Amino acid sequence: MTLDRYALLSRSQVRLPNLWDVAAFVLVLGVFVLMSYGSRGMTTPLSAAQATGVSLDYQYLPYYGLRTTLRMFAAICVSLVFTFTYATLAAKSRRAEMALIPILDVLQSVPILGFLSFTVTFFLRLFPGSTLGAECAAIFVIFTSQAWNMAFSFYQSLRGVPRDLEEVAANFGLTPWQKFWQLETPFAMPGLIWNMMMSMSGGWFFVVASEAIAVGDVNIRLPGIGSYLALAIDERRIDCVAAAVVAVALIILAYDQLLFRPIVAFAEKFRVELTASQTPAESWVRDLFLRTRWLRRSMRPLTRLLSWVALLPMRLPPSRGPAGEPDPHRRALFDFVWYVILITAFCVSLGLTLDFLHRSIDAAEVRHVALLTFYTFLRVSALIALTTLIWVPIGVWIGLRPRVAEKVQPLAQFLAAFPANVLFPVAVIGILHFHLNPNIWLSVLIVFGTQWYIAFNVIAGANAFPNDLREAAQNFRVKGWDWWKSVILPAIFPYYVTGAITASGGSWNASIVAEYVKWGDDRVTAEGIGSYIAQATDVGDYPKIVLGVAAMSIVVILVNRLFWRRLSVFAETRLRLL
Amino acid sequence: MNDAKAPPLLVIDDVSQNYGRGSEKGSTVLDHVSLTLNAGEIVGLLGRSGCGKSSLLRIVSGLNRPSGGEVRYQGEKVTGPVDGVAMVFQSFALFPWLTVLANVELGLRAKGAPREEARKSALQAIDIIGLDGFENAYPKEISGGMRQRVGFARALVVSPSLLLMDEPFSALDVLTAETLRTDLLDLWVEGRMPIKSILMVTHNIEEAVLMCDRIIVLSSNPGRIAAEIGVSMQHPRNRLDPEFRQLVDRIYALMTRRAELATAGPGAFPGLGLGMALPTVSTNTLAGMIEEVAAEPYSGKADLPALAESLQLEIDDLFPVAETLQLLRFAELAEGDIRLTLAGKRFAELGVDQRKKLFGDHLLAYVPLAQRIRRVLDERPSHHAPATRFREELEDYMSEEYAETTLKSVTTWGRYGEIFAYDEASQSFSLENPQ
């Protein structure tokens, strides 16, 4: 044993930095420089020229890209903080759970873009005269597009920690704080990171929409790719649109390579499966870091500090344990008080909303909105069905060919992350040029960005189709429609549902920007609740926005509850392999 | 410590545990169990699944609280996890994101031990338990046997006086389990561990006889102490030693005795009539067991320990099968033997369809729940009945969990015997068979 310890010692006696150190050090330094450079512009006064003035000159594009990237980064950090607090509270406290989880469920279904106008005015008033208000508003919009599913995943992981590991933690007397960092967070890590990636790719859509803020008479352009694009659209510069597309693509790639690949590769070890996975995630950035000497050494104080904090015996309020609360009568009393508070809060908000709407909205308007919502509902349903018909066969074909899938899968994921709204102007040009019916052709834009979710999930499903089942089907000569109906469709169905739920939610959101598209002074509109909200936002008509958003949210929630959730339960219980 | 007046290491005093809705009703898992553990002994809790042995272990460790009675560790009442009591888990329960070393260190670090000190103790424990060289491996990289060694090292490193083991070898293959048992016994006999006493849960009779100084046999439903057997053989014990074999046979006989007493009644399972909780046993296993006993060398009558060995079944698997056969009057159990009835012998000789017919007949004749379902289906004009109807009825007699397993078993058996059909999608029983 002494021998072994000696070996450990000599191994850690590191003398010289190696070549990898140099490379990694430059990389880290570069990131820091960029961050400080980009964040400097965030707090300038609104009146300063460079704060809101956006130039179409190509040379500014990298800087705009940097600003946009930082905004995304800030939003994901806020989302993480939100996840750690909100989801933890919901998982640890039964009473908080009663209110927090349904709220989260609703927030997931609310079209975020509809609320842009409210958050912008709120944040502008919070920081009068500074760009910080507008920055916060933009970050908040991105945050709302990212946080909910991350919080949900974290909450579900916290509730699903394996019982035996919980018992080990109790047996060794880990305090709730220690348990949170040693057991619960690591256990939740894979799910959280996957959802973070999904959130990130969803976020690009909103960053483009949230940088150029035009609500009523407020008109702010925060330096960023989104504003650059908005200006290019206003000035009808198709070459600038193309440049923006390239820039966004590059940023997404960089994010993937520099941030998510390393994190995913790192998170591999948190998987609670006791067999090594067959295709470990790889990342050249992580490999680079692992090969460095000095850099790793210099990180050691930090990791020690973190692990020291994680092991602090902090006493947090007791979570729900096996013992439960001591007195059932007191518990019932507290429950009652809590219910009263919840119900009061519900009634007050309902009253406030109705009062707000009542002043300027009449029954005819409500009927009109209902009809518009129905149009958009038809549009979204028809297009999800159409993309299903197109992508399921293609996805199956690709997924069953591992070599093709290997190449196509990253592309599909990339396309899902790519903000489709960047390309909308091109569609407008087409529609105007060929005098097409916007009610039909604008609809295509709704699923333009979201179809990829269906595509890559179906590919993943077909890819995971067990080889023995495939061989059995071949052996018994199952062919044609029988093969689709009894063999492959049931197998990919759970994957398809996952993708389709994301696609459907995203499509509703996209309708707000897709049903009302501008190119210079030309405006192309499709009739629907999306264009209703977008137009109301343009003129700053708040009651109409609230009404539109409420109508859309209700339909989205109903569709989710009555349709998607049932399908997903069916897929879980009946069609899961193994 | 050598003081004669020192309290025993552990006292389990009249402990009861109920589960279920409300405190008045619900199924009793442990029924007034009392036990004293002294320093220097290995005590085994032996019983079948559902006898509450794992619940008892969790109460002792402070993970659960008993509904009645109390546990005293070194004279102090146990109200939560106690310092000085460490546990080894059946599923190993290692943190997959920590290396072997970090897993072992965790308990010490959580208590605030300085980094260097924790490392030193952890390396020492790793050395004792034979894990050198694996310090930096992750649990998923090492074999099951090595994983459980980490489980032991992790428990030893906090210097416990009492080691609790929850079926620590049952997730391992036969050879690995045997190596681990011997290694642990060597450490115990040589006094190389800080432990004063071990309390282990097992359902493996031979394992209990091999390792324990005292074996507590628990009966199931509710869990009670059925017998206490002292084992005075010297370590290392030899499985082939006649004394060893005799003891194993005696415990088998003890564990079948209750079933024997119950032969006159409706069966070996807890509860009467409709309220009888049925185990999960597949019809293939039932048929396989009948065939095995009917064939040479047993020719209709088998010694259970021998049968268990030849079928490679542990008592947790063997007893439910044997007792189901007894319930269906295909076999009788007596003094550690199983003997086929006439019907059982006939079953062995029949073809597939006649077997199903015979099985269905016996099911209707001897399992009240099957009778009930069939009668309800016969009486209803639609010949349909939702499963919830029977589930709720069962829940008057037993916990939800047991109701679920019981209904599932009767469904499987009824489908095999073709006395009714069941549709999973609508969760309902019917008389029609799919075309």
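Analysis parameters
Residues numbered from 1 in each chain as written. Chains lettered and ligands numbered in written order. Predicted model: local features only at pLDDT ≥ 70, side-chain atom pairs only at ≥ 80, totals over all residues. Helix = DSSP H or I, 4+ residues; strand = E, 2+ residues; numbered from the N terminus. Contact = placed C-beta atoms within 7 Å. Domains from an automatic or database assignment. Pairing = 2+ DSSP bridges. Axes fitted to C-alpha atoms, helices over the stretch in contact; angles between N-to-C directions. Nonpolar A, V, L, I, M, F, W, Y, C, P; charged D, E, K, R; others polar.

Trainee: Quick one: what's the story with the environment of Val88(B), residue by residue and with numbers?
Mentor: All names here are of chain B. In this fold, Val88 is placed in strand β6 (residues 85–88). Spatially, the C-alpha atom of Val88 lies 39 Å from that of Thr388, the residues being 300 residues apart in sequence. Discounting chain neighbours no more than four positions away, the residues touching Val88 are Gly151, Phe152, Ala155, Leu163, Met165, Asp166 and Pro168.

Trainee: I'd like a description of the domain arrangement of chain B, backed by residues and values.
Mentor: Domain boundaries assigned for chain B yield domain 1 (10–254), domain 2 (273–348) and domain 3 (359–430). Between domain 1 of chain B and domain 3 of chain B, the C-alpha centre-to-centre distance is 39 Å.

Trainee: Tell me what's going on with the sheet that holds strand β15 (residues 421–423) of chain B, and back it up with residues and numbers.
Mentor: Residue and element names in this part refer to chain B. Pairing is antiparallel across the open sheet formed by three strands, whose spatial order is β14-β16-β15. What marks the edges here is a single partner per strand, and that holds for β14 (384–386) and β15. The sheet shows a mean angle of 25 degrees between the axes of neighbouring strands, taken without regard to direction. Sheet topology places β14 next to strand β16 (residues 428–430); three bridges connect them, and they run antiparallel. Bridge pairing links Ala385 to Phe429 in β16. In the packing of helix α14 (residues 387–395) onto the sheet, the strands contacted are β14 and β16, and the crossing angle to β14 comes to about 50 degrees.

Trainee: Got a sec to walk through the interface of chain A and chain B? Specific residues and values, please.
Mentor: Every contact between the two is made by 27 residues of chain A and, on the other side, 28 residues of chain B. Secondary-structure elements contributing two or more residues to the side of chain A that touches chain B are α1 (2–12), α8 (163–171) and α9 (176–211) of chain A. With six residues, the top contributor of residues to the side of chain A that touches chain B is α8(A). Counted by class, the side of chain A that touches chain B contains 16 nonpolar, five polar and six charged residues.

Trainee: Residue-level account of the domain arrangement of chain A, with values.
Mentor: Domain assignment breaks chain A into domain 1 (52–315), domain 2 (327–359) and domain 3 (362–574). Relative to domain 2 of chain A, the C-alpha centre of domain 1 of chain A lies at a distance of 32 Å.

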